[in-house]
Amino acid sequence: MNLEDSWDDETAQDAVDVLQDLVLWEMTAQRWEHIAEILRRIERAWDTGEAIELRDAITDLEINGPVRIMRIGSKTVTGIPKPVLDQRNTLVHKLTSETRNTPEDERGRQQPR
């Protein structure tokens, strides 16, 4: 198994880092729906072991965070909706517990740090 087909602790930690920031974001309902879809992608990639898709979904989540400037007359922004928060919490639990409980060899870590 090469590094492109697996992930290491750093990939999981990158996901957890952005998921921790997610609770502070404020966006429109439409943007939260998009975030929910990205969270589903992260979960599917984690569950199926698709490392490249996992990295791509984490990157998408990072770049789809809230924008600093709102247009005049733009829709109301809100904090994280309950369903998205639940998704986020499930992912954080999954990523942190599986990373802690799985030997590095089984996660496909290739290079020592």
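Predicted model only: the values in this text are computed from it and were never measured. (Residues numbered from 1 in each chain as written. Predicted model: local features only at pLDDT ≥ 70, side-chain atom pairs only at ≥ 80, totals over all residues. Heavy atoms only, no water.)

A look at the pattern of salt bridges
When the charged atoms of two side chains lie near each other, side chains of opposite charge can form a pair. The tally for this structure, following the rule as stated, stands at seven salt bridges. Note that Lys-94 is salt-bridged to Asp-47, the shortest N-O span being 2.9 Å. Taken together, the positions of Lys-94 in helix 4 (residues 82–101) and Asp-47 in helix 2 (residues 29–48) put the pair 47 residues apart, joining distant regions of the chain. Residue class for Lys-94 comes out buried when judged on its relative accessible area of 18%. In this structure Asp-47 comes out as partly exposed when scored by relative accessible area, which is 48%. Look at the salt bridges and you will find they share partners, linking Glu-37, Arg-40 and Arg-44 into a network. (Salt bridge = Lys/Arg side-chain N within 4 Å of Asp/Glu carboxyl O. Helix = DSSP H or I, 4+ residues; strand = E, 2+ residues; numbered from the N terminus. Buried < 20%, exposed > 50% of the residue type's maximum accessible area, 1.4 Å probe, protein only.)

Describing the packing of helix 1 (residues 9–22) against helix 3 (residues 51–63)
Packing of helix 1 against helix 3 leaves a shortest axis separation of 10 Å and a crossing angle of 25°. Put simply, helix 1 runs roughly parallel to helix 3. Our pair here, helix 1 against helix 3, has a crossing hand that is left-handed. Here Thr-11, Asp-14, Ala-15, Val-18, Leu-19 and Leu-22 of helix 1 come into contact with helix 3, specifically with Leu-54, Arg-55, Ile-58, Leu-61 and Glu-62. Among the residues making up the contact of helix 1 with helix 3, the classes are represented as seven nonpolar, one polar and three charged. (Axes fitted to C-alpha atoms, helices over the stretch in contact; angles between N-to-C directions. Parallel < 35°, antiparallel > 145°, perpendicular 65-115°, else oblique. Left-handed = near helix turned anticlockwise from the far one by under 90°. Contact = heavy atoms within 4.5 Å. Nonpolar A, V, L, I, M, F, W, Y, C, P; charged D, E, K, R; others polar.)

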